[in-house]
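Summary of the model geometry
This is what each chain is made of:
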Amino acid sequence: MKKPSWVIDKERAKRAAAAQTVWLFGLHAVRDALMNPAREKLRLVLTKNAADKLGEAIAVGGLEPEMPDPRKFDSLVPLAPDSVHQGAALEVKPLDWGKLEDVALEGRGGPLMVLLDRVTDPHNVGAILRSAEVFGARAVVAPARHSAPETGALAKTASGALERQPYLRVTNLSDAMEELRAMGYVLIGLAGEAELTLEEGIAEAGTRPIALVLGAEGPGLREKTRETCDRLVRIPFAGEFGSLNVSNAAAVALYAASAR
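Residues numbered from 1 in each chain as written. Predicted model: local features only at pLDDT ≥ 70, side-chain atom pairs only at ≥ 80, totals over all residues. Heavy atoms only, no water.

Concerning the overall build of the protein chain
Scanning the protein chain from terminus to terminus reveals twelve helices and ten strands. In terms of principal-axis extent, the alpha carbons of the protein chain reach across some 60 × 60 × 30 Å. In the protein chain, buried positions account for 47% of the 260 residues. Here the contacts in the protein chain between residues at least 6 apart in sequence split such that 78% fall between residues at least 24 apart. Within the structure as shown, the protein chain displays about 13,700 Å² of accessible surface, and the carbon and sulfur contribution to it stands at 52%. Charged side chains of the protein chain number 32 positive and 34 negative; the gap between the two group centres comes to 5 Å. (Helix = DSSP H or I, 4+ residues; strand = E, 2+ residues; numbered from the N terminus. Buried < 20%, exposed > 50% of the residue type's maximum accessible area, 1.4 Å probe, protein only. Contact = heavy atoms within 4.5 Å. Areas by Shrake-Rupley, 256 points an atom, 1.4 Å probe, with all protein chains shown as cover. Lys, Arg positive; Asp, Glu negative; His and termini not counted. Charge placed at Lys NZ, Arg CZ, Asp CG, Glu CD.)

Concerning the pattern of salt bridges
Charged atoms that come close allow side chains of opposite charge to pair. If you walk through the whole model with that rule in mind, you get twelve salt bridges. As a salt-bridge pair, Glu193 and Arg226 come within 2.5 Å of each other at their nearest N and O atoms. Here Arg226 lies in helix 11 (residues 223-228) and Glu193 lies in the loop between strand 7 (186-190) and strand 8 (196-197), a separation of 33 residues in the sequence. Its relative accessible area of 52% is what places Glu193 among the exposed residues. A network of salt bridges, in which partner residues are shared, links Asp32, Glu133 and Arg164. (Salt bridge = Lys/Arg side-chain N within 4 Å of Asp/Glu carboxyl O.)

A look at helix 10 (residues 198-205)
Residues spaced three or four apart along an α-helix point in a common direction, a consequence of the helix completing one turn every 3.6 residues. Within the span of helix 10, buried status applies to Leu198, Gly201, Ile202 and Ala205. Each buried residue of helix 10 sits inside an arc of 95° when the element is viewed along its axis, so together they form one side. The exposed residues of helix 10 that point more than 90 degrees off its buried face are Glu199 and Ala203. Looking one or two residues past helix 10, Gly206 carries a phi angle of roughly 65°, positive in sign. (Arc of directions from axis to C-beta.)

Quick look at a nonpolar patch on the surface
Side chains of Phe237, Leu244 and Val252 sit close together on the surface and give an oily, nonpolar patch of about 230 Å² of accessible area. Looking at the secondary structure, you find Leu244 in the loop between strand 10 (231-234) and helix 12 (246-258). (Patch = residues over 30% accessible without salt bridge, like charges linked within 9 Å, V, L, I, M, F, W, Y side chains within 5 Å.)

Focus: the pairing of strand 5 (residues 139-143)
Among the five residues of strand 5, five are classified as buried, and the element is accordingly described as predominantly covered. Judged from the three bridges that link them, strand 4 (residues 112-117) and strand 5 form a sheet pairing that is parallel. When the sheet's bridge partners are listed, Met113 is paired in strand 5 with Ala139. Assessed by its sense of winding, the connection that carries the chain from strand 5 through helix 8 (residues 152-158) to strand 6 (residues 167-170) is right-handed. (Pairing = 2+ DSSP bridges. Right-handed = clockwise from strand over helix to strand, strands pointing away.)

A few points about the nonpolar core
In terms of nonpolar packing, the biggest core is built from 53 residues, with Leu116, Leu129, Leu212 and Leu214 touching the most fellow members. Top contributing element to this core by residue count: helix 12, with six residues. When neighbours within four sequence positions are excluded, Leu214 is seen to be in contact with Val114, Leu115, Leu116, Asp117, Val119, Leu190, Leu221, Val246, Ala249 and Ala250. Listed in part, the 20 residues of the second largest apolar core include Leu100, Val103, Ala139 and Leu221. (Core = buried A, V, L, I, M, F, W, Y, C linked by side-chain atoms within 4.5 Å.)

So, in structure tokens, the structure goes:
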């Protein structure tokens, strides 16, 4: 009996995910990944100078490093030419954080989540992961397509947070939002034209869990995402004109939600 096309597509996606690897780079990102027992590590390439600085992490990671001549380093690892690798690169498998329901209900930190609607810049997502960790969010959630995947650039900007802060990729963001609503989360979307302020929206949520929803710079939240939110709020500005990039807006919103 011939398999349905959706089964074939699902199996193909699973095989592709299993084969996917990521090259992390930079001393901080490599150190934190080596120290993370949940991270599957495949290949470690270091200059002698980097190895001297990462001695403890190398011992914990249990992976014998390759130590080429520094002049040959760039030819051994597939990094972008502008990558500031500091003589350290580590090939790994992406982290598996488990199911949305488990993390949202039982994850570390307070009942606070961040959802990103098509935020594709790895530097923005890395900065948001860092803020999410600082303010105790349980996870950052993004769609599997049209979002920033786990990459070396994202990990470097996250400054180690990628190893500790769950970053979940879901098939459909609106479906994930509905799941969170069913778990008791209030879905608060950020939109510059909203009537409610961030402070007012958080106050209305009371003691209920909060999921902050942010869109990409420029387009903002898509129509379906906006419709799925329980309320839209804005960050008030002192001047007549003002705007924040998505990572700064996330930091402000996370602080406000965690301080209630």
